[in-house]
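Chain residues, written in single-letter form:
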Amino acid sequence: MTKTILLGALLGAGALPVMAEMPPQAGVCVSCHMANGLGMANVAPSIAGMPAPYLAEQLRHFQSGARNNAIMKPMAMMLDDAGVEAVSQWFASLPVSLPEDPAFRGEKPAPQNMELGEKLAYQGDWQRDLPSCVACHGPEGVGVGEVFPHLAGQHADYIESQLKAWQSGSRVTDTHGLMAPVAKKLTAEEITAVASYFASLGGQ
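Predicted model, so just to flag it, every value in this text is computed and none were measured.

S.K.: Can you walk me through a nonpolar patch on the surface in this structure?
M.R.: Taken together, the side chains of I71, M75 and M78 define a hydrophobic patch exposed on the protein surface, amounting to about 300 Å² of accessible area. Structurally, M78 can be placed in the loop between helix 5 (72-77) and helix 6 (81-93).

S.K.: How do you make sense of the packing of aromatic side chains when you look at a structure like this?
M.R.: Aromatic ring pairs are defined here through the distance separating the ring centres and the angle between the ring planes. Under the definition given, this model contains three aromatic pairs. Ring plane angle 65° and centroid distance 5.5 Å describe the contact between Y197 and F198, whose orientation is recorded as edge-to-face. Like F198, Y197 is buried.

S.K.: Help me out: how do you make sense of the pattern of salt bridges in this one?
M.R.: Side chains that differ in charge, positive against negative, can pair when their charged atoms come close. For the structure on display, the rule yields four salt bridges. A salt bridge links D125 to R128; the shortest N-O distance between them is 3.0 Å. Here D125 falls in the partly exposed class, since its relative accessible area comes to 23%. Relative accessible area serves as the criterion here: at 29%, R128 is assigned to the partly exposed category. Taking the shortest distance from any N to any O, the salt bridge between E190 and R128 comes out at 2.6 Å. Pair noted here: E190 is in helix 11 (residues 188-199) and R128 is in the loop between helix 7 (116-123) and helix 8 (134-137), with a separation of 62 residues, a long-range link. On the accessibility criterion, E190 (10% relative accessible area) is buried.

S.K.: Looking at this structure, how should I read the packing of helix 7 against helix 11?
M.R.: Each pair of packed helices can be described by the angle between their axes along with the distance between the axes. With their axes 7 Å apart at the nearest point, helix 7 and helix 11 run at an angle of 85° to one another. Considering the angle they form, helix 7 stands roughly perpendicular to helix 11. In this structure, helix 7 contributes L116, G117, E118, L120, A121 and Y122 to the contact, and helix 11 contributes E189, E190, A193, V194, Y197 and F198. Looking at the contact of helix 7 with helix 11 residue by residue, the class counts come to eight nonpolar, one polar and three charged.

Each value, and the rule that gives it
Residues numbered from 1 in each chain as written. Predicted model: local features only at pLDDT ≥ 70, side-chain atom pairs only at ≥ 80, totals over all residues. Heavy atoms only, no water. Patch = residues over 30% accessible without salt bridge, like charges linked within 9 Å, V, L, I, M, F, W, Y side chains within 5 Å. Areas by Shrake-Rupley, 256 points an atom, 1.4 Å probe, with all protein chains shown as cover. Salt bridge = Lys/Arg side-chain N within 4 Å of Asp/Glu carboxyl O. Helix = DSSP H or I, 4+ residues; strand = E, 2+ residues; numbered from the N terminus. Phe/Tyr/Trp six-rings, centres within 6.5 Å; stacked < 30°, edge-to-face > 60°. Buried < 20%, exposed > 50% of the residue type's maximum accessible area, 1.4 Å probe, protein only. Axes fitted to C-alpha atoms, helices over the stretch in contact; angles between N-to-C directions. Parallel < 35°, antiparallel > 145°, perpendicular 65-115°, else oblique. Contact = heavy atoms within 4.5 Å. Nonpolar A, V, L, I, M, F, W, Y, C, P; charged D, E, K, R; others polar.

Spelled out as structure tokens, the structure:
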């Protein structure tokens, strides 16, 4: 990576003060994930504020080949165990805008005019044994614990690509194998709708 590319990424993120605390191992990461961790749409997902154990696990999946990505594997291979932990902790510490006071939607009737993506997110489709997304990822997709990442504010193209990867079997490294059965029940229209819905939540 040239210094020009790295500097451009930092200035584009508008987060030079954060750079002072950035571990040196994360220098290559910010060219795509940006110094604020929010990522570049159509290039890299937002990883700011994700649980550090979740991020570390994904890096190790890329290292082992359990999760296949031609760009991420060589990047991950540059990190030793200490580097994996340092990078994961740093990105986890970055602020991310999530919905405030998220609603569970079980406490009151849902709107009657819910769009398709919102309906799938909150109600799923039990006639197809399709659970709601928030059952695992938390109300309004804010994430739960260390294994279910937040979806709110994530790039729609990334959510869509990962759902398709679980459909095809090219991604299998999810908690208890929960995602593949869910993804395989979604139509292309539903994948686009639910991805767009979560991308609209929170803020960049």
